[in-house]
Amino acid sequence: MATYEVEHNTTDPRITNQDRPRRPDLSTFFATLSEITPNPAETRTREHAVPVPGDVSAAFRSLAEAFDVMRREHDIGGAGDDGGGEGGDETAGEDHHGAALIDQMIEALVQGAELPPREVEGVNEEFCDSLDRVPRSTLNDSQSCPICSNPFLDDPYPLVVRLPCHTTHLFDLECVRPWLRLRGTCPLDRTDFGKKQREKELERRKQQEKRRAAAAAVEDDEDDLDGMYV
Ligand SMILES: [Zn+2]
Ligand SMILES: [Zn+2]
């Protein structure tokens with residue numbers, strides 16, 4: 001029975017579309033990331049576990065390599081492509097620094113690999129899941145992903161998200177998600193979502209600690225009362 005399934009399970013989930021540039025394989029990155037950012041349920045059992053710096057370095061290096069693959073596949077960055085476009089008024093006010101963005105991101109990742117932070121400063125998966133999805137019908141031909149610089153509409157089923165920092169900060173979810181998980185910032189304006197999330201989490205823990213202390217105090221009082229009537 002098992003043999004049947006193995007023999008017939010020939011579907012390769014990584015089928016690539018020949019018309020579009022290949023996406024880098026991020027499985028190594030996400031595997032490394034999961035080593036250094038345990039999911040919330042695990043966090044509770046090993047609350048103050050600090051990731052090993054070598055593992056954090058590996059995550060930065062792995063993402064830098066993936067972005068480098070993307071840069072070569074998409075033929076962006078480095079070469080200083082200044083595309084220009086058809087002069088759509090949508091992009092008129094914006095600097096065309098998209099071509100260099102991936103260079104900056106790779107540079108930051110390489111630096112992160114050399115001097116890894118003590119803990120991962122990225123956002124959690126829930127943050128990525130909760131990002132605004134931009135419907136295909138509201139996108140136009142002049143809009144492209146600032147990371148891979150692929151026009152969103154080249155993809156028949158684009159999965160585009162809007163970061164909360166700015167209404168025009170749109171990205172392919174697949175491009176921005178690994179960066180957000182590791183760095184927690186908007187690649188365009190560096191709004192630090194990871195920091196905001198950590199502050200919120202810290203506040204939540206403080207409140208929890210306060211409640212726990214209060215509950216313990218009540219219990220102590222009850223113990224005292226019990227003692228009085230023994
Ligand atoms: Zn992209
Ligand atoms: Zn932004």
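Remember, predicted model here, so these are calculated numbers, not experimental data.

Engineer: Would you mind showing me how to read the overall build of the protein here?
Structural biologist: Helix and strand content of the protein: eight helices and three strands. Scanning the protein from its N terminus toward the C terminus, one meets helices and strands in the order α-α-α-α-α-α-β-β-β-α-α. Of all 230 residues assigned to the protein, the portion counted as buried reaches 26%.

Engineer: What exactly am I supposed to notice about helix H2 (residues 27–36) here?
Structural biologist: Residues lying three or four places apart along an α-helix face the same way, a consequence of the helix completing one turn every 3.6 residues. Turning to H2, its buried residues number three or more, namely Phe29, Thr32, Leu33 and Ile36. End-on view of H2: buried residues confined to an arc of 100°, all on one side of the axis. Opposite the packed face of H2, turned more than 90 degrees from it, sit the exposed residues Ser27 and Ala31. In this structure, the buried side of H2 is in contact with helix H4 (53–74) and helix H7 (173–182).

Engineer: Honestly, the environment of Glu121 in this entry has me stumped. Any pointers?
Structural biologist: Tracing the chain through its elements places Glu121 in the loop between helix H5 (98–114) and helix H6 (125–130). It is 5.5 Å that separates the C-alpha atoms of Glu121 and Arg183, two residues lying 62 residues apart in sequence. Not counting residues within four places of it along the chain, the set of residues in contact with Glu121 comprises Arg183, Gly184 and Gly194.

Engineer: Can you help me understand the sheet that holds strand E3 (residues 170–172) in this one?
Structural biologist: In sheet architecture, strand pairing relies on hydrogen bonds along the backbone and comes in two forms, parallel and antiparallel. Pairing in this open sheet of three strands is antiparallel, and the strands run E1-E2-E3 from one edge to the other. The open sheet is flanked by strand E1 (132–134) and E3, the only strands paired with a single partner. The sheet shows a mean angle of 40° between the axes of neighbouring strands, direction not considered. Direction of pairing for strand E2 (residues 160–162) relative to E3: antiparallel, over a ladder of three bridges.

Engineer: For this particular structure, what's the right way to read the environment of Thr191?
Structural biologist: Along the chain, the position of Thr191 falls in the loop between H7 and helix H8 (193–228). The spatial distance from the C-alpha of Thr191 to the C-alpha of Pro164 is 9.2 Å, given a sequence separation of 27 residues. Residues within four places of Thr191 in sequence aside, it is in contact with Cys165, Thr185 and Cys186.

Engineer: Quick question: what am I supposed to make of the packing of H2 against H4 here?
Structural biologist: Packed helix pairs are characterised by how far apart their axes lie and by the angle those axes make with each other. Close contact between H2 and H4 brings their axes to 9 Å; oriented N to C, the two are set at 160°. With respect to their mutual orientation, H2 and H4 come out roughly antiparallel. Judged by the sense of rotation from one axis to the other, the crossing of H2 with H4 is left-handed. On H4, the residues touching Thr28, Phe29, Thr32, Leu33, Glu35 and Ile36 of H2 are Asp55, Val56, Ala58, Ala59, Ser62, Leu63 and Ala66. Partitioned by chemical class, the residues of the contact of H2 with H4 number eight nonpolar, three polar and two charged.

Engineer: Would you mind going over H7 with me for this structure?
Structural biologist: Summarising burial for H7: eight of the ten residues are buried, a large majority. Those residues of H7 lying buried are Cys175, Val176, Arg177, Pro178, Trp179, Leu180, Arg181 and Leu182. Note on H7: the residue one or two positions beyond its end, Gly184, has a positive phi of about 75°.

Engineer: What's the story with unusual backbone geometry in this structure? I'm lost.
Structural biologist: Glycine aside, residues mostly have negative phi angles, and peptide bonds mostly take the trans form. Here Ser149, not a glycine, exhibits a phi torsion of approximately 55°, which is positive. Relative to the assigned elements, Ser149 resides in the loop between E1 and E2. The residue Arg190 is not glycine, and still its phi comes out positive at about 60°. Along the chain, Arg190 falls in the loop between H7 and H8. Classification of Arg190 as exposed rests on a count of 10 C-beta atoms within 10 Å.

What counts, and where the lines are drawn
Residues numbered from 1 in each chain as written. Chains lettered and ligands numbered in written order. Predicted model: local features only at pLDDT ≥ 70, side-chain atom pairs only at ≥ 80, totals over all residues. Helix = DSSP H or I, 4+ residues; strand = E, 2+ residues; numbered from the N terminus. Buried ≥ 20, exposed ≤ 12 C-beta atoms within 10 Å, placed from the backbone. Arc of directions from axis to C-beta. Contact = placed C-beta atoms within 7 Å. Pairing = 2+ DSSP bridges. Axes fitted to C-alpha atoms, helices over the stretch in contact; angles between N-to-C directions. Parallel < 35°, antiparallel > 145°, perpendicular 65-115°, else oblique. Left-handed = near helix turned anticlockwise from the far one by under 90°. Nonpolar A, V, L, I, M, F, W, Y, C, P; charged D, E, K, R; others polar.

All we've got here are geometric facts, nothing functional implied.
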